[in-house]
Each structure stands twice: as C-alpha cells, then as structure tokens.
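Here is how the chains run, residue by residue.
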Amino acid sequence: MKNQIKKKKLIDIILLCGGKGKRLKKISKGSAKSLVIIKKNLTVLDLILQKIRKNRFRKIYISINLKKKKDFLNFKKKRKEIFKIITEKKYMGTGGAIKHAIKKKNISDPFMVINGDTLSKATSNLNIFFKSVRQEKKSVVGISKNKSNKRFGIVKFSRNKVNSFQEKKGTGSWINNGHYLFFKDNFKIVKSKIFSLENDLLPRLVEKKKLNCVKFENDTFQDIGTVSSFNKLKNKF
C-alpha cells in the first residue's frame, strides 16, 4: 500500500530531560529530574537507558537545558554512556525541544521520543511502535491502563485511532505514557519555536487524523514529576 512503510530501519530516540522540575525541587536540589538519585548511584536515567538497550535503534539523543549540561556530561563520563546531548539555551517546551533537536541534528525520520521522567514497559518494547508505523504511516502515542488515575488526563480512542485527549481523570482509564513515534513533518504544523507537545501538537495531529496509539494494558507506568511519586518509586528499591 502507498501509505505503508515497508522497509525496516533503525531509528533514533530522543529523551526529553529539559523540564524545570519545579514540583520536585525539594528533592532534586537543582539537579535535573532524571538525574536525581534513587538509591546509591542509581538514577531514573539509568533505569530508562537500561530499558532502551533492550531494543534495536540507531542513536540516543538527550535533550536538556543548557544550565544542566555539566551534570549530564558528568553522568555520561562516569557511566561511559554513548549518547548525544542536545542543549536548548532557554526552555522551549516539550514540543519546542523536539523541533530544536530536529533542526540541530540529523535525526532519523521517523524517530522515537521518550519522556525523561517516566518509567514504563513501553521503553523496553519499542518494536510495537515500529510495527504500527510500518502498517500505517501515522504518528503513534503509547497509552497505558492506569488503575488509580488521580493526576493524568485520559486518552479516548477507537481501535488504534486516537479521538481526543481529555483533562478528565478517572480510575481504570487509559493515559498517555510519554512514548511517541513521530515524523519530522509533524513539527511543521506548529509554527512557534516554543510550544507544548501535549497541549499544542498532539491535539492538532488528532484533528488531522494523523495519530494512532499502541496499548500497554498491564503496564507498571510511573512518573516522578512530584515528591510523592518519586518517593513511591524510591521505596521500590
């Protein structure tokens, strides 16, 4: 079919680690959220990278704010990690950070995006996203079943087609798990350099019927955006 991607190819992954992390300030003490220590020398970024390595991919890019560059360079040196760092001089929002990365680097098309403050089994199973986009050339968002949803908006969908994102919260609902497969052209839809992925781009992709979803029903999804959610993760170790 004309709109299918038939060839299998390795794609790039962008990790979004440039958030301000205001709600985690008491714990982070100025450090990036993804670099906050969980136990001994273990960080959230360590956990995410461990999961990513279970997949086949081309390169990992980590999008950060310039103020945190030294911290990430130290992490990279100590861990002997092989990833590229993309810096933004000012906060550009989640969408703006990706648009900036596309402009600065030779990112594959399509490419994966993963939030740097969430843990999900989706990270270990990126092949599900690749399979979806080979079947139909549309962007993809990962969604997880959340049994006790008190913080997140919900995703409404029919089969694998996303119909809407709603602010309404509810138990047993499907939520955005912070994993995406995008095409570069998606980021031409929003003209601004500073914008939100969740509030500005995703709704536009839904309007244009260019967004599918892949489901992770028995996910162990967890984000570390607040002190309570971070402590919950820490207690597991």
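What counts, and at which threshold
- Residues numbered from 1 in each chain as written.
- Predicted model: local features only at pLDDT ≥ 70, side-chain atom pairs only at ≥ 80, totals over all residues.
- Heavy atoms only, no water.
- Helix = DSSP H or I, 4+ residues; strand = E, 2+ residues; numbered from the N terminus.
- Rg over C-alpha atoms; globule rule 2.2 N^0.38 Å.
- Contact = heavy atoms within 4.5 Å.
- Areas by Shrake-Rupley, 256 points an atom, 1.4 Å probe, with all protein chains shown as cover.
- Buried < 20%, exposed > 50% of the residue type's maximum accessible area, 1.4 Å probe, protein only.
- Core = buried A, V, L, I, M, F, W, Y, C linked by side-chain atoms within 4.5 Å.
- Phe/Tyr/Trp six-rings, centres within 6.5 Å; stacked < 30°, edge-to-face > 60°.
- Lys NZ or Arg CZ within 6 Å of the ring centre and 35° of its normal.
- Arc of directions from axis to C-beta.

A. Layout of the overall build of the protein chain. The secondary structure content of the protein chain amounts to seven helices and 13 strands. Relative to the globule expectation of 18 Å for 237 residues, the C-alpha radius of gyration of the protein chain, 17 Å, shows essentially globular dimensions. Dimensions of the protein chain along its principal axes, counting C-alpha atoms only, are 50 × 40 × 35 Å. Within the protein chain, contacts between residues at least 6 apart in sequence are counted, and of these 72% link residues at least 24 apart. Of the roughly 13000 Å² of accessible surface on the protein chain, 49% is carried by carbon and sulfur atoms.

B. Geometry of the environment of Val227. Topologically, Val227 is positioned in helix H7 (residues 227–235). Classification of Val227 by relative accessible area gives partly exposed; the value is 26%. When the C-alpha atoms of Val227 and Ser28 are compared, they prove to be 9.3 Å apart, with 199 residues separating the residues in sequence. Once residues lying within four places of it in the same chain are set aside, the contact partners of Val227 are Arg23, Leu24 and Ile27.

C. Expanded view of the nonpolar core. One finds Leu15, Ile62, Phe72, Phe129 and Leu181 to be the most contacted residues of the largest nonpolar core, which totals 38 residues. Ranked by the residues each element gives to this core, the list is headed by helix H2 (residues 44–52), at six residues. Apart from residues lying up to four places away in sequence, Ile62 is in contact with Leu15, Cys17, Leu45, Phe72, Phe83, Lys84, Ile85 and Ile86. Residues Ala101, Val162, Phe195 and Leu197 belong to the second largest nonpolar core, which totals 29 residues.

D. The packing of aromatic side chains, seen in detail. Under the definition given, this model contains eight aromatic pairs. Relative to Phe187, the ring of Phe111 has its centre 6.1 Å away and its plane inclined at 35°; by these criteria the two rings are tilted. Of this pair, Phe111 sits in strand S6 (residues 111–115) while Phe187 is found in the loop between strand S11 (173–182) and helix H6 (197–207), placing the two residues 76 residues apart along the sequence. Here Phe111 matches Phe187 in class, with each residue buried. Between the aromatic rings of Phe182 and Phe187, the centroid separation amounts to 5.2 Å while the plane-to-plane angle is 85°, which identifies the pairing as edge-to-face. For the pair shown, Phe182 and Phe187 are each scored as buried. Aromatic ring contacts, followed pair by pair, group Phe111, Tyr180, Phe182 and Phe187 into a single cluster. Over the ring of Phe83 we find Lys76, and its NZ or CZ is 5.5 Å from the ring centre.

E. Local environment of the environment of Trp174. You can see Trp174 is positioned in strand S11. Residue class for Trp174 comes out buried when judged on its relative accessible area of 14%. When the C-alpha atoms of Trp174 and Ser31 are compared, they prove to be 31 Å apart, with 143 residues separating the residues in sequence. Not counting the four nearest positions on each side in its chain, Trp174 is found in contact with Ile143, Ser144, Lys145, Gly153, Ile154, Val155, Phe157, Lys215, Phe216 and Glu217.

F. Representation of H6. Among the residues of H6, those classed as buried are Leu197, Leu201, Leu202, Leu205 and Val206. One face of H6 carries all of its buried residues, which in axial projection span an arc of 140°. Exposed and facing more than 90 degrees away from the buried side of H6 are Asn199 and Glu207. On its buried side, H6 packs onto helix H4 (93–104), strand S8 (139–146), strand S10 (161–166), S11 and strand S12 (211–216).

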